[in-house]
Amino acid sequence: MTLEVDTSQVKVAAVERSRVSLRSTLASRVEVIVGGVLVLVAVLIAIIIPMIDPAASTAVGAAPSLVPPGLLNLLGTDQLGRDQLARVAVGYGISLTIAVGAVLLSVVVGGLLGLLAATATSAIDGLIMRILDVVMAFPALLLAIVVVALFGAGTEVLMLAIGITFVPIVARVTRAAALETTRQPYIEAAMARGARRGRVIFRHIAPNSLGPVVVQASILIAIAIMLEASLSFVGLGVQPPTPSLGLMLSTGRDFMVSDPWIVAVPAIAILEIVLGFTLIGDGLQTWLDPKKRAIAR
Amino acid sequence: MILRRLALTVPILLGTSTIVFLILRLVPGDPAASILGSNATEEAIIRVRAELGLDQPLWQQFVSWLGGVLRGDFGRDYITNQAITEELAARLPITIELAGIAFLLALATAIPLGVVGAVRNGGWADRVVRAVAVLSIAVPDFVFGILGILSFALALSLVPSSGYTPIEDGLLENLRSLAIPAIALSLGLGGVLARVTRSAMLDVLGSDYVRFAKASGFGTGAIVFRYALRNASIPIVTVIGLQVGYILGGTVVVEQLFSLPGLGQLIVEAMLARNYPVLQACILVFVVAFIFANLITDLLYAVLNPRLRKVGAA
Amino acid sequence: MTDLLKVQALSVRYAGALRPSIADVSFSLAAGEVVGVVGESGSGKTTLGLALLGLLPQGTKVHGSALFERAEILGVSERELRPLRGTLLSTIVQNPATALNPSFSVGSQIVALLRRHRTLSKSGARSLAIEWLDRVGISEPEKRMGSYSHQLSGGMNQRVVIAMALALSPRLVIADEPTSALDVTVQAAILRLITELIDDSGSSMVLITHDLGVVAQMCSRVIVMKDGAVVEAGEVDQIFHAPRSDYTQHLLASQPSHSAPAKPMPTVSASEAAVAKSTEEHGHG
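The model shown is predicted, which means the values in this text are computed figures rather than measured ones.

Conventions and cut-offs
Residues numbered from 1 in each chain as written. Chains lettered and ligands numbered in written order. Predicted model: local features only at pLDDT ≥ 70, side-chain atom pairs only at ≥ 80, totals over all residues. Heavy atoms only, no water. Helix = DSSP H or I, 4+ residues; strand = E, 2+ residues; numbered from the N terminus. Buried < 20%, exposed > 50% of the residue type's maximum accessible area, 1.4 Å probe, protein only. Contact = heavy atoms within 4.5 Å. Areas by Shrake-Rupley, 256 points an atom, 1.4 Å probe, with all protein chains shown as cover. Pairing = 2+ DSSP bridges. Axes fitted to C-alpha atoms, helices over the stretch in contact; angles between N-to-C directions. Core = buried A, V, L, I, M, F, W, Y, C linked by side-chain atoms within 4.5 Å. Phe/Tyr/Trp six-rings, centres within 6.5 Å; stacked < 30°, edge-to-face > 60°.

## So, the overall build of chain C
- When helices and strands are tallied, chain C shows 12 helices and 10 strands.
- Put simply, chain C has 285 residues, and 54% of those count as buried.
- Long-range contacts, defined as pairs at least 24 residues apart, comprise 68% of the intrachain contacts of chain C with a sequence gap of at least 6.
- Total accessible area on chain C stands at roughly 11,900 Å², and carbon and sulfur atoms take up 52% of it.

## Observations regarding the sheet that holds strand 7 (residues 172-176) of chain C
All names here are of chain C.
- With mixed pairing, the 6 strands of this open sheet are ordered in space as 6-7-8-3-9-10. Each of the sheet's edge strands pairs with one partner strand only, and the pair in question is strand 6 (89-92) and strand 10 (229-235). With strand direction ignored, the average angle separating the axes of adjacent strands in the sheet is 15 degrees.
- Across 4 bridges, the pairing between strand 3 (residues 34-38) and strand 9 (residues 221-226) is parallel. Residue pairing in the sheet places valine 35 in a bridge with arginine 221 of strand 9.

## Digging into the environment of proline 102 of chain C
- Positionally, proline 102 of chain C belongs in the loop between helix 3 (96-99) and helix 4 (106-117).
- When the C-alpha atoms of proline 102 of chain C and tyrosine 148 of chain C are compared, they prove to be 6.4 Å apart, with 46 residues separating the residues in sequence.
- Proline 102 of chain C has contacts with Tyr209, Asn231, Pro306 and Arg307 of chain B together with Tyr148 and Ser149 of chain C, leaving out every residue within four places of it along the chain.

## A few points about the sheet that holds strand 2 (residues 22-30) of chain C
All names here are of chain C.
- Here we have 4 strands laid out as an open sheet, ordered 2-1-4-5, and antiparallel in their pairing. For this open sheet the edge positions go to strand 2 and strand 5 (71-72), each flanked by a neighbour on one side alone.
- Its contacts with the sheet put helix 1 (residues 45-53) on strand 1 (3-13), strand 2 and strand 4 (61-68), and the angle it makes with strand 1 is roughly 115 degrees.

## Details of the nonpolar core
- In this structure, Ile145 of chain A together with Phe142, Ile267, Leu279 and Ile283 of chain B are the most contacted members of the largest nonpolar core, which totals 138 residues.
- Ignoring any residue separated from it by four or fewer positions in sequence, one finds isoleucine 283 of chain B in contact with Phe138, Leu142 and Val146 of chain A together with Val20, Ile23 and Ile267 of chain B.

## Observations regarding the packing of aromatic side chains
- Evaluated as defined, the whole model comprises 3 aromatic pairs over all chains.
- Where tyrosine 209 of chain B meets tyrosine 227 of chain B, the ring centres are 6.3 Å apart and the plane angle is 75 degrees; that geometry is what we call edge-to-face. You can see tyrosine 209 of chain B sitting in helix 9 (residues 208-215) and its partner tyrosine 227 of chain B sitting in helix 10 (residues 220-258), a full 18 residues away along the chain.
- On the accessibility criterion, tyrosine 209 of chain B (11% relative accessible area) is buried.
- Residue classification places tyrosine 227 of chain B among the buried positions, given a relative accessible area of 11%.
- Between the aromatic rings of tyrosine 227 of chain B and phenylalanine 104 of chain C, the centroid separation amounts to 5.5 Å while the plane-to-plane angle is 20 degrees, which identifies the pairing as stacked. Within this pair, whereas tyrosine 227 of chain B is found in helix 10, its partner phenylalanine 104 of chain C is found in the loop between helix 3 and helix 4, the two belonging to separate chains. For the pair tyrosine 227 of chain B and phenylalanine 104 of chain C, one class covers both residues: buried.

Here you go:
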């Protein structure tokens with residue numbers, strides 16, 4: 001009897017899938033573009049506004065306090081008469097610095113750990129995974145608080161704190177991708193040719209494993225911004241007088257009743273940049289591989 | 001298999017409690033000195049250190065602390081000298097109520113929405129579900145909280161803008177004081193749940209066994225709810241476990257924003273006052289809760305997925 | 001004699017496809033007949049089966065007519081099809097492991113099917129299900145009721161599917177490559193089982209396959225399909241001994257074990273059958 005694969009079934013599935021992915025590819029590209037625009041706006045604000053008037057964000061009494069948005073102060077002023085737009089700009093800069101720094105840190109450390117776990121002995125793999133399990137047993141915000149408790153508040157500490165919370169996620173993604181890559185025949189072929197392990201790892205396994213991580217990076221930045229804002233909001237993050245969006249929200253609360261803009265402005269500012277990165281990450285994920293689901297939030 | 005999972009929990013509990021314990025021991029500054037203040041004498045400091053057991057070797061301190069915790073004794077608050085356990089007991093119910101409502105709210109809205117999105121895949125309902133889900137994920141809980149206060153509390157006066165009303169003072173008032181905080185807290189979990197439900201259902205609805213069920217004459221309703229949802233619940237349950245952590249962490253911010261006297265707020269107060277024993281105790285409680293939540297979801301996962309059970313019936 | 005199934009000018013084009021998968025196919029089927037639909041991959045035979053069962057994806061363009069007991073079954077709503085499905089019109093699939101829900105025991109799926117279409121108590125349905133498991137040749141049927149599809153071998157899963165397809169005495173069974181995904185040692189037994197049950201119940205069957213050997217064994221009439229069209233149709237003897245179309249001759253020639261189709265099929269002796277059955281039942285979990 002002939003052994004034949006009935007490819008008509010496969011064709012049905014392929015037709016359906018191509019129909020779905022055409023529509024979702026378009027939607028995901030729109031997502032990435034919209035997200036990109038939002039992020040670009042935030043980045044431009046962060047870069048350009050402070051160049052116009054570097055002192056505006058801390059200039060107490062430069063204008064009457066609690067002025068709603070208007071021609072003189074595009075986003076209004078806060079309770080000390082400081083221009084909100086200037087403060088948002090600096091806040092964006094700090095949030096972006098911390099978030100990108102944290103994600104970079106976690107990608108480097110997590111990526112190395114993941115690669116190590118995937119390519120070393122199973123004993124080392126087990127050890128690394130157990131340690132990661134312990135780290136993952138802490139809710140993200142609480143772990144960050146623990147780090148802040150140990151090292152004090154401040155921009156660098158925040159970068160470290162948030163970076164640490166991301167390491168297990170990045171490590172897991174890298175490890176899974178690396179494990180899959182090591183199973184590929186061309187890796188076996190390379191090893192059989194006598195290629196040195198280290199070379200194999202860095203030239204073949206590493207690049208393939210980082211692919212999924214890069215896709216995650218945008219969403220991780222969004223989460224990092226949220227974590228930083230949350231910590232600053234409760235007073236455990238960036239310290240005054242450095243402006244931070246979370247801090248602006250928290251100090252503005254006392255004046256919310258008389259001037260809602262004092263909290264609406266930072267709230268919408270945070271929303272804008274987080275939404276931007278989330279859309280980019282989301283769109284990238286659907287675009288590059290509709291099958292994969294988000295691992296981080 | 002279940003036993004193995006339970007056994008794994010123990011080292012994780014040990015590891016996390018070690019880290020939590022180390023907070024107190026690694027922070028800069030001498031606890032005794034900070035209690036006594038700057039005018040303390042050398043002998044007073046030594047005396048207080050002995051009282052607090054700080055002169056013992058580190059591992060011994062850890063063991064006695066752990067022993068105390070297992071007995072329910074978290075030590076004493078540095079500042080008020082109250083038994084920490086009492087403070088925790090007073091605040092815990094509030095956080096449990098808040099987190100519990102948020103959790104149930106997320107489940108009750110996100111799962112049906114996800115199912116609708118999958119069943120009406122490609123239609124306008126699906127697009128709405130996906131858009132709402134993305135927004136829920138992207139809007140930080142305290143941003144929603146503030147916008148909620150501005151609109152529902154201040155503008156519309158539907159709910160109080162802050163503060164907690166205990167149940168004894170009226171159930172309706174109690175729920176009103178928790179309404180916006182709970183919704184804000186539920187957003188993150190809800191958004192992710194809606195998406196996972198939708199994609200899991202889409203997978204299942206496109207499967208061979210659903211097609212076979214259709215060919216066997218089962219109706220859409222029965223297929224979707226009784227049959228397919230059961231298969232989709234496996235990835236859903238997995239995600240819930242991970243997201244519970246965000247709800248637990250979120251209580252810190254939300255309680256602070258709405259002045260709810262729960263554990264989350266206590267963490268912030270303790271941090272700002274350098275009240276490390278209290279901080280330790282609170283974090284330990286949250287971490288243990290998270291570990292057990294994950295344990296439960298892992299066990300549920302084994303129950304729902306017959307492939308993971310011990311090979312018996314055959 | 002009124003035809004049980006009468007297909008006229010059936011055309012199917014998938015959404016987004018450039019050409020139709022099936023073009024202008026017509027045939028009919030009388031009660032009790034087994035008709036084979038033969039072709040290579042891409043001939044449209046599977047699409048034909050899906051069209052008759054109403055399982056084509058949304059957006060597929062279907063033209064033509066298929067009258068089942070004189071009622072149109074093409075292009076009608078799910079609600080109208082439902083009374084037929086499972087009861088009068090059933091299917092045996094190519095891949096039985098994926099046709100059974102991995103989260104439910106096979107027993108509960110049979111019971112659910114029985115109770116959906118007949119008023120039976122839970123225990124009544126359960127005993128009927130056990131009876132059927134026995135009838136399709138599953139040993140220790142009561143124990144197997146609680147098994148899951150991943151615990152059973154491919155052959156056993158297919159027996160479960162066959163039980164579900166035939167338990168409600170359908171008039172017409174659409175079988176799409178029922179043995180292609182199974183071990184060679186098991187294929188003969190499964191085919192024998194299907195033949196036996198079909199004969200017993202007097203059902204008709206549309207047997208879709210790429211294997212002419214199977215057709216020779218089980219069918220009275222054959223339709224040969226190529227690229228979505230019917231190339232030749234007729235009685236089995238005529239097709240095998242005096243094929244009219246070049247394509248049919250080509251198909252016959254390329255079947256390795258059928259250079260002389262007039263010879264009877266090699267039979268499996270009783271002991272070999274027992275070995276095959278035991279491999280089937282203990283080969284898995």
